[in-house]
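# Summary of structural features
Chain residues, written in single-letter form:
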Amino acid sequence: MLAPLSWLKEYVDIDVTAKELEEKLFSCGFEVEELIDIGKDVSKVVVGLVEECEPIPETHLHVCQVNAGEHGKFQVCCGADNVKAGGKFPLALEGASVYATAKDHVTIEGTMTIKKGKLRGFESCGMLCSGVELGLTEDMYPGAGYCGLLVLPEDAEVGSDIKPLVGLDDYIFDIAITANRPDCQSIYGIAREVAAVLNKPCKPLNVDYTETEVKKEAFKVTVDAPELCPRYIGHYVYDVKMDQSPAWMKRRLALVGIGSISNIVDITNYVLKELGQPMHAFDYSFLEGEQINVRRAGNGEKIVTLDEKEFELNDSNLVICDGKKPVALAGIMGGLNSEILDTTTEVMFEAAKFMRDNIRKSSRSLGQASDSSAMYAKGVYEYTTVLAMKRALHLIEELGCGKVSSTHVEVSSGNSIEPKEMKVSINRVNGVLGIKVPDQDILRIMTALNFEPVINGDELTIQIPAYREDMENYPDVAEEVIRMYGYDHVTPTFMPTAEVTMGGLNLRQKTELKLKRALCAAGAFEGIHYSFFSPKDFDLLRLPEDDYRRTAISLINPINIDLSLMRTTLAPQMIHAMARNQKKGTLSGRIFELGNVFIPKSLPLTDYPDERQTLCVGVFGQEESFYTLKAFAEVVAKTLGIEFTYEQSSNTFLHPYRTADIICDGEKVGYLGQVTYEIMDDLDMRTPAFVMEIDIAKLSKYYGKEQMFTPLPKFDIEKRDFAFVVNKDITCAQIENGIKEACKYVTHVELFDVYEGIQLGPQKRSMAFSVIFTPKDEAFDAERVDGFVKKILKNLEKNLGITLRA
Amino acid sequence: MRDKLNEIKDRALLQIAGAEGLEALNEVRNTILGKKGELTAILKGMKDVSPEDRPKVGKWVNETREAIESCLSTQLKKLESEALKARYSAEKIDVTMPAKMQPKGRLNPVTLVRNQLIDIFGSMGFEVYEGTEIETDYYNFTALNTPDDHPARDMQDTFYLSPEFLLRTQTSAGQVHAMEAGKPPIKIISPGKVFRSDDDATHSPMFSQMEGLVVDKGITLCDLKGMLDKFCKEIFGQEVKTRLRPSYFPFTEPSVEVDVSCFQCGGSGCKLCKGTGWIEVLGAGVVNTKVLEGCGIDTNEYSGFAFGIGMERIAMLKYGINNIKLLFESDLRVLDQLEE
């Protein structure tokens, strides 16, 4: 919200600097995002009187003697065509700062400092300036748009600073307005706050006008959709003389970023900015049937708006119609068919309240927006419709551009626009704040904010102005009081009245953190990826059409297709992360992510989906293998105090012979494997990558397992090593089980060497195991252990057909 | 005989003293005391000595052997000590060469902040309540005093999954669940991922917040200030000051933004605080009575405050991370920088 200091000064006698006002606004809830000093790039420019002006032969230049009053007299060479003796122009003195322009003399290209120089042999001390060189536009100062010197008024005092004269001593506050205060989306709304914070009166708006006896008897307004338009005011203005607006109005509009169009259109924009009430002006002669009807559009009905765009509408869009056709898209933009033209002689002004939700939705769905629709979306008060119409009619008279008829039609759903009385307990107000604000301060603050307060004992009675719909209860009063009284009065306390509570993580949260730290200790870094992913990832993973992971919840309004589905697996983003790292030159690494997958119970969603905590680990690099990844599964198992087993399996995105399911207590809880060469190729990956996913939610039942100490064996353990020659299709797990099941004293089996060689034959390999026997009640002698070994070898031979390596 | 023994002894002592290295010494021992050694030969020849001379000669031989062995042992110790010294010196290393590390990973900076916040608030008695990422419109907005036509909905661009379900835009969504599930006193923090349809240099469509909520008897704005004071000092340093300034959230009234004095320049103004001396760190306020009443809490008896902290923002401020997206890209060059 842009608010020029000069405009605010029309309503409030501001006697502090712009910087001080910025701080005061900040302290009462209006953050000034930028304080724009519009003259900050211009300095040392004064009113110069050209006393002599001689042409330099064979050039377009003149050499001028310029009187700069107290600054002295200077010789200045000037190329402008409108320089002349006796004229008063801006003179940039030596060392002055002004804007530099391109060759077209219009486009600004930074700033420049004026230096003494010589032109065609003539010394030039300073520069006579154009409006553009001072950063002015035609709307900001009449004549500033001329491509030559800026002509100053004859009464300008020679030698005086140019800035106050042309309005460059002004500031614009760019203020962030919170959503609860749409009343401050206007200059007058801000002025009310400025007055309150400076404890000064806010001057009432001039809304006087005189209605003539002219009346359009036939004119009528009907509102068929009062739920979308609770108040509609129309007023007929005639004898309209289309012209430009006066300089003061153009300037103000320019300062808030609106270009001047014509007096009538400018009045609507001026009122919009001044009061926050969008207005519209129809050329009355284009309104067929002398009537206005506010209704929902018919499905398929069309309208062409002022910017010549055509829209096809439906019954969720509100339109303003004449007797036959839509003439405006309500609250968004007028129709081209009733546009104000140079030839307009009679006008129907509209000031209405349209419901913000409807305007916002129409504006979005049609992709058409304007200052008006933005204002309606923030919220417009019915109170302001009345005020704004009066103000517009006043401006018609002030500008002398038309006559105000007595045809005034107001259709209202009957909502009050009078102040509302509210009574609150002062104790409760102070109870919210935790401090006692003195009654006289409450009175002072509420008075300044136009609440007309009365205090009677503990009871505060206020009159809530109609533009303060946000005021509903005692906490609202507390907020008004404290923002004006000052938050620095709030003293820190530490919940003296509260009960002591236990805090911290619960078992699940603690276990998850423990898991993360264990994974870090094993060398993995924690990644966090978006909860949404791309449908392209299904194809990257080569998931079959009927794979459950393809049943993902989709976003209705995603940022783009790649962020359009709630993820059903963490694998693709992990694979992408590994590929990205490789592209950036990190050729090996280990990453984990603990995050949710989203499994819908039905689609479209009718219930909360299953958000399943899932662990994904990715390792990549020449040194990594299936087994280095498997170590991370074992870290999980160890951390949770559980055991995993692994079964060869397959997965469309993993190496057909290097993939396993992770089993816990007979249930599949995850998988791991090497990413396929096809995917590596798709993503330009250079080093092998491995990925694992574990459904952590399935493991939560093991969290917090009680741990017990196992006493050390009373007798020494016995250790034996075996080397077997086995067929390659026999697995390590099979042999381990074969060893374990043959002897109950086997407490540990570990593969410690694998060897493949030509002498063993192509389908064979040698596997060496170390086996530990732990005695229970008595020590083992060598004979006993030899007996165990025999049993083991017999069992392995019988079941797996393997024998000791010769 | 005596002379012969003396001669053997003198020679042996000379040889022992001259032995350089353990092998040479061993050789000396063998030539004298070994199986075929000179002294051994004499001992073996004792049977030929007359019985009356045997004790005398035996004593001489023993004396000679003891002298030689004592000398051998001294020399052995000396040589062993020298050999050890030589071994140590041969094993000299360059201590400035790089350490051999066990590979160790690190937690994401967002998790680092999350853990710190949980530690601080956990010690103040706050339980950790995690809501769901997918929420209903009701819990995310309506129950938080943000009905359908409320302008505050414009403040947050929401990702919808259906007319009813959406991706939560704020961890505040958990507030109402927590208040429905338990009776006051309630003291929870609710960390988690939130989503807004914003994607540019400073915004990420997913980020993390931590909501805090206290509902108890007699809770005031002063309590909010006191608690956030403590929190900011823990996170940003004991010397920082906090400042409340008016703001707006539909579910708190009054609402405040909380600024801390710039911990980089101490408040004099720098690039980090954009010259203002203050840094905005979180939003907070007294819980709107409508929200409490909607959860069946008697506002005559109870009141509360709530606050919401952007965890990435804290991480970025605290660690000087310049781009929020770095936190979600799993770039190992980023992740391998900050230790818990």
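Residues numbered from 1 in each chain as written. Chains lettered and ligands numbered in written order. Predicted model: local features only at pLDDT ≥ 70, side-chain atom pairs only at ≥ 80, totals over all residues. Heavy atoms only, no water.

## Topic: the overall build of chain A
Convention followed: Helix and strand assignments follow DSSP, with helices taken as H or I runs no shorter than four residues and strands as E runs no shorter than two, numbered in order from the N terminus. Atoms considered for the radius of gyration are the C-alpha atoms alone. The globule rule reads 2.2 Å times the number of residues to the power 0.38. The buried label goes to any residue with under 20% of its type's maximum accessible area, the exposed label to any with over 50%, and the partly exposed label to all in between, with areas taken from a 1.4 Å probe on protein chains only. The criterion used for residue contact is that any of the two residues' heavy atoms lie within 4.5 Å. Think of it this way: Lys and Arg go in the positive column, Asp and Glu in the negative one, and His and the chain ends go nowhere. Where a charge lies is defined by one atom per residue type: Lys uses NZ, Arg uses CZ, Asp uses CG and Glu uses CD.
The number of helices and strands found in chain A is 20 helices and 38 strands. Its C-alpha atoms give chain A a radius of gyration of 41 Å, clearly above 28 Å, the size a compact globule of 806 residues would have. When the backbone C-alpha atoms are referred to their principal axes, chain A occupies close to 125 × 80 × 60 Å. For chain A, the residues scored as buried account for 54% of the 806 residues in total. Considering only intrachain contacts with a sequence separation of at least 6, the fraction spanning at least 24 residues in chain A is 69%. Separation between the mean location of the 88 positive side-chain charges and that of the 120 negative ones in chain A comes to 8 Å.

## Quick look at the pattern of salt bridges
Opposite charge on two side chains permits them to pair, given that their charged atoms come into close proximity. Residue and element names in this part refer to chain A. Cut-off, in case you're wondering: Salt bridges are counted wherever a side-chain nitrogen of Lys or Arg sits within 4 Å of a carboxyl oxygen of Asp or Glu.
If you walk through the whole model with that rule in mind, you get 70 salt bridges over all chains. Across the salt bridge formed by Lys423 and Glu421, the nearest N and O atoms sit 3.6 Å from each other. Look at Lys423 and you get partly exposed, because its relative accessible area is 48%. A salt bridge links Asp441 to Arg444, with the nearest nitrogen and oxygen atoms 3.1 Å apart.

## Thoughts on the interface of chain A and chain B
Selection criterion: The term buried area denotes the loss of accessible surface (1.4 Å probe radius) that occurs when two parts are joined, taken as the sum for both partners. Between N or O atoms, a polar contact is any pair within 3.5 Å; within protein, one atom must be a potential hydrogen donor and the other a potential acceptor, and residues adjacent in sequence are included only when both atoms are from side chains.
With 96 residues of chain A at the interface, the matching set in chain B holds 94 residues. Of the roughly 7,500 Å² buried between chain A and chain B, counting both surfaces, carbon and sulfur atoms make up 58%. Linking chain A to chain B there are 6 salt bridges. The partner of Lys290 of chain B in a salt bridge is Glu472 of chain A, and the shortest N-O contact between them spans 2.5 Å. For the pair chain A and chain B, the number of links is 38 residue pairs in polar contact (both at pLDDT 80 or more). In terms of residue count, strand 29 (residues 589-599) of chain A provides more of the side of chain A that touches chain B than any other element does, 8 residues in total.

## Examining the nonpolar core
The test is simple: The definition of a nonpolar core used throughout is a set of buried Ala, Val, Leu, Ile, Met, Phe, Trp, Tyr and Cys residues joined through side-chain atoms within 4.5 Å.
Counting 184 residues, the largest nonpolar core has Phe349, Phe644 and Leu699 of chain A together with Phe121 and Phe307 of chain B as its most contacted members. The residues touching Leu699 of chain A, leaving out its near neighbours within four places in the chain, are Val636, Leu640, Ile642, Phe644, Cys664, Val669 and Ile694 of chain A. Membership of the second largest hydrophobic core comes to 38 residues, among which are Phe282, Ile292, Met348 and Ala352 of chain A.

## Notes on the sheet that holds strand 4 (residues 186-195) of chain B
Residues and elements named next belong to chain B. Applied cut-off: Should DSSP find at least two bridges between two strands, the strands are taken to pair.
The sheet built from 7 strands is open, its strands ordered 1-4-5-9-8-7-6 with mixed pairing. In this open sheet, the two edge strands, each paired with only one partner strand, are strand 1 (127-128) and strand 6 (242-249). In this structure, strand 7 (residues 252-261) lies alongside strand 8 (residues 278-287), joined through 8 bridges in antiparallel fashion. Residue pairing in the sheet places Glu257 in a bridge with Gly283 of strand 8.

## Points about the domain arrangement of chain B
How big an interface is tends to be stated in terms of accessible area lost as the parts join. The criterion, for reference: Each domain span listed reflects an automatic or database assignment of domains.
Parsing chain B into structural domains produces domain 1 (2-90) and domain 2 (109-335). Computed from C-alpha coordinates alone, the two centres of domain 1 of chain B and domain 2 of chain B are separated by 89 Å.

## Notes on unusual backbone geometry
The linkage connecting Pro184 of chain B with the following residue, Pro185 of chain B, adopts the cis geometry, with an omega of 5 degrees. Residue position: Pro185 of chain B is located in the loop between helix 8 (173-181) and strand 4. Omega for the bond connecting Glu253 of chain B with Pro254 of chain B falls within 30 degrees of zero, at -5 degrees, which places this linkage in the cis form. The phi torsion at His105 of chain A lies on the positive side, around 65 degrees, for a residue other than glycine. Mapped onto the secondary structure, His105 of chain A falls in the loop between strand 6 (88-101) and strand 7 (108-113). Take His105 of chain A: its relative accessible area is 46%, and that puts it in the partly exposed class. Even without being a glycine, Asn145 of chain B presents a positive backbone phi close to 60 degrees.

## Considering the sheet that holds strand 12 (residues 220-223) of chain A
In sheet architecture, strand pairing relies on hydrogen bonds along the backbone and comes in two forms, parallel and antiparallel. Residue and element names in this part refer to chain A. Across the sheet, which stays open at both edges, the 5 strands sit in the order 12-15-18-19-20 with mixed pairing between neighbours. This sheet does not close on itself; its edge strands, each paired only once, are strand 12 and strand 20 (333-334). Pairing geometry for strand 12 and strand 15 (residues 291-296), over 4 bridges, is parallel. Paired with Thr222 across the strands is Asn293, a residue of strand 15.

## With respect to the packing of aromatic side chains
The geometry of two aromatic rings is summed up by the distance between their centres and the angle between their planes. What counts, and what does not: Centres within 6.5 Å are what make two rings of Phe, Tyr or Trp a pair, Trp counting through its six-membered ring; a difference in plane orientation under 30 degrees is then read as stacked, over 60 as edge-to-face, and the rest as tilted. In our convention, an over-ring charge means Lys NZ or Arg CZ found within 6 Å of a ring centre and within 35 degrees of that ring's normal.
If you walk through the whole model with that rule in mind, you get 30 aromatic pairs over all chains. Between the aromatic rings of Phe121 of chain B and Phe126 of chain B, the centroid separation amounts to 5.3 Å while the plane-to-plane angle is 75 degrees, which identifies the pairing as edge-to-face. Classification of Phe126 of chain B by relative accessible area gives buried; the value is 0%. Joined through ring pairs, the aromatic side chains of Tyr530 and Phe532 of chain A together with Phe159, Phe195 and Phe328 of chain B make up one cluster. In this structure, Arg192 of chain A packs its charged tip against the face of Tyr467 of chain A, placed 3.5 Å from the ring centre. Looking at Lys630 of chain A, its charged tip hangs above the ring of Tyr646 of chain A, at a distance of 4.3 Å from the centre.

## A closer look at the side chain of Asn596 of chain A
Residue position: Asn596 of chain A is located in strand 29. A polar side-chain atom of Asn596 of chain A sits 2.9 Å from a polar atom in the side chain of Glu133 of chain B. Every residue in contact with Asn596 of chain A, bar those within four places of it in the chain, is listed here: Arg567, Leu570, Glu611, Arg612 and Gln613 of chain A together with Glu133 of chain B.

## Side note on helix 15 (residues 571-583) of chain A
Residues and elements named next belong to chain A. The criterion, for reference: Under the convention used throughout, the expected extent of a helix is 1.5 Å for every residue step, that is, one less than its residue count.
Over its 13 residues, helix 15 runs 18 Å from end to end, which matches the ideal 18 Å to within 8%, given 1.5 Å per residue. The buried fraction of helix 15 amounts to 10 of the 13 residues, a majority that puts the element mostly inside the structure. Turning to helix 15, its buried residues number three or more, namely Ala571, Pro572, Gln573, Met574, Ile575, Ala577, Met578, Ala579, Asn581 and Gln582. At the C-terminal side of helix 15, Gly585 shows a positive phi close to 95 degrees.

## Things to note about helix 8 of chain B
For helix 8 of chain B, the tally of buried residues reaches 7 of 9 residues, placing the bulk of the element in the interior. Ala173, Gly174, Gln175, Val176, His177, Ala178 and Met179 of chain B are the residues of helix 8 of chain B that are buried.

## Thoughts on the pairing of strand 8 of chain B
Residues and elements named next belong to chain B. In terms of burial, strand 8 is largely enclosed, as 8 of its 10 residues are buried. In terms of strand pairing, strand 8 meets strand 9 (residues 302-310) through 5 bridges, oriented antiparallel. If you follow Gly283 over to strand 9, its bridge partner there is Gly308.

## As for the state of the cysteines
All names here are of chain B. Put simply, the test is: Only a pair of cysteine sulfur atoms within 2.5 Å counts as a disulfide in this structure description.
This structure, assessed with the given rule, holds 0 disulfides over all chains. Unpaired in this structure, Cys222 has its nearest cysteine sulfur neighbour in Cys232, at a distance of 16 Å. For Cys222, a relative accessible area of 1% gives the class buried.

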